[in-house]
Amino acid sequence: GAVVSQHPSWVICKSGTSVKIECRSLDFQATTMFWYRQFPKQSLMLMATSNEGSKATYEQGVEKDKFLINHASLTLSTLTVTSAHPEDSSFYICSARPATNEKLFFGSGTQLSVL
Amino acid sequence: LAKTTQPISMDSYEGQEVNITCSHNNIATNDYITWYQQFPSQGPRFIIQGYKTKVTNEVASLFIPADRKSSTLSLPRVSLSDTAVYYCLVGANSGNTPLVFGKGTRLSVIA
């Protein structure tokens, strides 16, 4: 099946620094990728839809200047958490669909801990 | 995007069949029903997808009644390794349509 690769698996950073998370579709091209956030013991919450070659679409309540999304190629989307604070500590997961009428594949997630 | 309702948690003994029912009263004509499994600190893993009637694969079966307003995931003979959170999602399979997660069902399998 299709593979969505996410890197890094976990990252620890100091408060005020920025962190970049990469999401790659390894064996298919994805014009659209989705970013989710998950807090402990909670469900996944959709943050934004990443569109190749254009601006991302953010869900209500998600700060676009805080969570910068870049989808510069058909196989790579990045999420940058800018000026991270402890409340940004969470599990971030990306996903993509190989084609219309295909199921959604998810990356393995990135655990971000901000000290 | 259709909203789904599932039991918050379920317990089962090893070797039993587990059925998790999901309600999705507002499902649209072009929506599929997809179930994912998630272990702690991992991304969701696809289990099964269906549109109507019954679908079976090597790990589960999915039963969908004619009105499609609910669905039941059936896990045969569960083992301890099936302890996870199971999500029922409803949505179109178009390229730019995300899936919105509900609360999921936390299944605990007991020896």
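No experiment lies behind these values; they were computed from the predicted model shown.

Draft legend 1. Up close: the overall build of chain A. If you tally the helices and strands in chain A, you get zero helices and 11 strands. Scanning chain A from its N terminus toward the C terminus, one meets helices and strands in the order β-β-β-β-β-β-β-β-β-β-β. Along the longest, intermediate and shortest principal axes, the C-alpha atoms of chain A span 40 × 25 × 20 Å. The buried share of chain A, taken over its 115 residues, is 50%. A sequence separation of at least 24 residues applies to 53% of the contacts in chain A between residues at least 6 apart. With 10 positive and 9 negative side-chain charges, chain A shows a spacing of 3 Å between the two charge centroids.

Draft legend 2. Region of interest: the interface of chain B and chain A. Each side of the interface is counted separately: chain B has 22 residues, and chain A has 22 residues. For the pair chain B and chain A, the summed buried surface comes to about 1,700 Å²; carbon and sulfur atoms form 55% of the total. Where chain B meets chain A, there are zero salt bridges. Taken together, the connections running from chain B to chain A amount to six residue pairs in polar contact (both at pLDDT 80 or more). Put simply, the parts of the chain that give the side of chain B that touches chain A at least two residues each are strand E3 (32–38) and strand E4 (45–50) of chain B.

Draft legend 3. Just the sheet that holds strand E2 (residues 18–23) of chain B, in detail. All names here are of chain B. Spatially, E2-E7-E6-E5 is the arrangement adopted by the four strands of the open sheet, whose pairing is antiparallel. The strands lining the two open edges of the sheet, one partner per strand, are E2 and strand E5 (53–56). On average, each strand axis in the sheet is inclined to that of its neighbour by 15°, with strand direction left out of account. By the bridge criterion, six bridges tie E2 to strand E7 (residues 70–75) in an arrangement that is antiparallel. Bridge pairing in E7 links Val18 to Leu75.

Draft legend 4. The arrangement of the layout of surface pockets in detail. If you add up the space inside the largest pocket, you get close to 300 Å³. Around the largest pocket, the lining comprises 16 residues; the ones closest to its centre are Gln38, Pro40 and Lys41 of chain A together with Pro40 and Ser41 of chain B. Contributions of two or more residues to the lining of the largest pocket are made by strand E9 (90–96) of chain A together with strand E8 (84–91) of chain B. The residue makeup of the lining of the largest pocket, split by class, is seven nonpolar, seven polar and two charged.

So, how was this worked out
Residues numbered from 1 in each chain as written. Chains lettered and ligands numbered in written order. Predicted model: local features only at pLDDT ≥ 70, side-chain atom pairs only at ≥ 80, totals over all residues. Heavy atoms only, no water. Helix = DSSP H or I, 4+ residues; strand = E, 2+ residues; numbered from the N terminus. Buried < 20%, exposed > 50% of the residue type's maximum accessible area, 1.4 Å probe, protein only. Contact = heavy atoms within 4.5 Å. Lys, Arg positive; Asp, Glu negative; His and termini not counted. Charge placed at Lys NZ, Arg CZ, Asp CG, Glu CD. Buried area = accessible area lost by both parts, 1.4 Å probe. Salt bridge = Lys/Arg side-chain N within 4 Å of Asp/Glu carboxyl O. Polar contact = N/O pair within 3.5 Å; in protein donor to acceptor, adjacent residues only side chain to side chain. Pairing = 2+ DSSP bridges. Axes fitted to C-alpha atoms, helices over the stretch in contact; angles between N-to-C directions. 1 Å grid on protein atoms, 1.4 Å probe; cavity = no way out; pocket = protein on both sides within 12 Å on 5 of 7 lines; lining within 4 Å. Points joined across faces, edges and corners; volume = space filled by probe spheres on them. Nonpolar A, V, L, I, M, F, W, Y, C, P; charged D, E, K, R; others polar.

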